[in-house]
Amino acid sequence: MSSSDIFIGETIGTAILVLLGGGVCAAITFKRSKAYNAGWVAIAFGWGFAVLTAAYISSGVSGAHLNPAVTLGLAIQGGTPWGDVPLYLASQLLGAMIGAVLVWAVYYGQFHAHLTDPEVIEAQPAEEGMVDQSTAPAAGPVLGVFTTGPEIRNAVQNMVTEVIATAVLILAILTQGLNDEGNGLGPLGALITALVVVSIGLSLGGPTGYAINPVRDLGPRIVHTLLPLPNKGGSDWGYAWVPVVGPLVGGALAGGLYNLAFA
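Presented here is a report on the structure given in the accompanying data block.

### Digging into the overall build of the protein chain
Point 1. Counting secondary structure elements, the protein chain contains 11 helices and zero strands.
Point 2. Start at the N end of the protein chain and walk to the C end: the helices and strands fall as α-α-α-α-α-α-α-α-α-α-α.
Point 3. The buried share of the protein chain, reckoned over its 263 residues, is 48%.
Point 4. Residue pairs in contact within the protein chain that sit at least 24 positions apart in sequence constitute 79% of those at least 6 positions apart.
Point 5. Working note: accessible area of the protein chain is about 11,700 Å², and carbon and sulfur atoms make up 67% of it.

### Some remarks on the pattern of salt bridges
Point 1. Tallied over the full model, the rule gives three salt bridges.
Point 2. Note that Lys31 is salt-bridged to Asp117, the shortest N-O span being 2.7 Å. Here the residue Lys31 occupies a position in the loop between helix 1 (3-29) and helix 2 (40-62), and Asp117 occupies one in the loop between helix 5 (108-115) and helix 6 (118-128), the gap between them amounting to 86 residues.
Point 3. Here Asp117 falls in the buried class, since its relative accessible area comes to 14%.
Point 4. Close ionic contact of Asp236 with Arg153 constitutes a salt bridge, the shortest N to O distance being 2.7 Å. Note that Asp236 is positioned in the loop between helix 10 (214-226) and helix 11 (242-261) and Arg153 in the loop between helix 7 (143-146) and helix 8 (155-174), a separation of 83 residues in sequence.
Point 5. Using a relative accessible area of 34% as the deciding quantity, one classes Arg153 as partly exposed.

### Side note on the side chain of Glu162
Point 1. Take Glu162: it is sitting in helix 8.
Point 2. Buried and unpaired, Glu162 has no salt bridge, with Arg216 as the nearest side chain of opposite charge at 8.1 Å.
Point 3. At 3.0 Å, the side chain of Glu162 forms a polar contact with the backbone nitrogen of Ala211.
Point 4. Discounting residues that sit within four places of it in the chain, Glu162 has contacts with Thr208, Tyr210, Ala211, Ile212, Val242, Gly246 and Pro247.

### Section: the packing of helix 3 (residues 68-77) against helix 4 (residues 85-106)
Point 1. Closest axis-to-axis distance for the helix 3/helix 4 pair is 9 Å, and the angle between their directions is 170 degrees. As judged from the angle between their axes, helix 3 and helix 4 are roughly antiparallel. As helix 3 packs across helix 4, the resulting crossing turns out to be right-handed. Of helix 4, the residues touching helix 3 (which contributes Pro68, Thr71 and Ala75) are Val85, Tyr88, Leu89 and Gln92.
Point 2. Each residue belonging to the contact of helix 3 with helix 4 can be placed in one class, and the counts come to five nonpolar, two polar and no charged.

### Here we look at the environment of Asp236
Point 1. Overall, Asp236 belongs to the buried group, its relative accessible area being 7%.
Point 2. Between the alpha carbons of Asp236 and Gly140 there is a distance of 8.1 Å; along the sequence they are 96 residues apart.

### Digging into the packing of helix 3 against helix 8
Point 1. Where helix 3 meets helix 8, the closest approach of the two axes is 10 Å, and the angle between their N-to-C directions is 55 degrees. Taken together, the axes of helix 3 and helix 8 are oblique relative to one another. Seen along the crossing, helix 3 lies across helix 8 with a hand that is right-handed. Taken together, the residues of helix 8 that come into contact with helix 3 (itself represented by Ala69, Val70, Gly73, Leu74 and Gln77) are Thr166, Ile170, Ile173 and Leu174.

Scoring rules and cut-offs
- Residues numbered from 1 in each chain as written.
- Predicted model: local features only at pLDDT ≥ 70, side-chain atom pairs only at ≥ 80, totals over all residues.
- Heavy atoms only, no water.
- Helix = DSSP H or I, 4+ residues; strand = E, 2+ residues; numbered from the N terminus.
- Buried < 20%, exposed > 50% of the residue type's maximum accessible area, 1.4 Å probe, protein only.
- Contact = heavy atoms within 4.5 Å.
- Areas by Shrake-Rupley, 256 points an atom, 1.4 Å probe, with all protein chains shown as cover.
- Salt bridge = Lys/Arg side-chain N within 4 Å of Asp/Glu carboxyl O.
- Lys, Arg positive; Asp, Glu negative; His and termini not counted.
- Polar contact = N/O pair within 3.5 Å; in protein donor to acceptor, adjacent residues only side chain to side chain.
- Axes fitted to C-alpha atoms, helices over the stretch in contact; angles between N-to-C directions.
- Parallel < 35°, antiparallel > 145°, perpendicular 65-115°, else oblique.
- Left-handed = near helix turned anticlockwise from the far one by under 90°.
- Nonpolar A, V, L, I, M, F, W, Y, C, P; charged D, E, K, R; others polar.

See below:
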């Protein structure tokens, strides 16, 4: 496929992924949303359906990687040329940032109402006092709409969680090529991948919020930093490396394990 195919497919696809995934996070966060407090199951299925929609839209153009961990795993496995990897990653990051901006646009009124709500503003100091600020900068009142964050801040555990969860995802994607004489599962593959994402969210997502995708976290975190949101709090850049490095390690391990066990 051409460079323009990769750029267009990955940018649009990842934007759709983050728009719908971040959208479900916004929907359950804001009191002025009809889905307020819908819960973790809604998040897991929302992100799964986001993957399904984005994959169907972009698979015919760029192959629907939508995730640097997928691109890395496929490059190690041999399905993606290494020369295409930088373009995939740059396009995915751009798409994730666009998707995060679109979430802000869709929920513009809810962002303003939430961040000017006296109850939300007054609650922040109490929440910040519950953590050790020397090692765990408190998340802003809307940071969870954009990014993931750990329930227990332990770098080793958080890394291990992201590595294992991402390895499961990438292995599920790579082993689709063992079906149908190595041609994958076609449109059915997108559905299976989406269901795997739902499963990971329900089973392994509790500790860290399951980034399992570096740009899904990094792109929106950049946008959160740049958007002129009043009382938004910090972007927790001290934690930001975990949901980037962990999924990349998981993707690399999955690619290597595939070559050892299945190739």
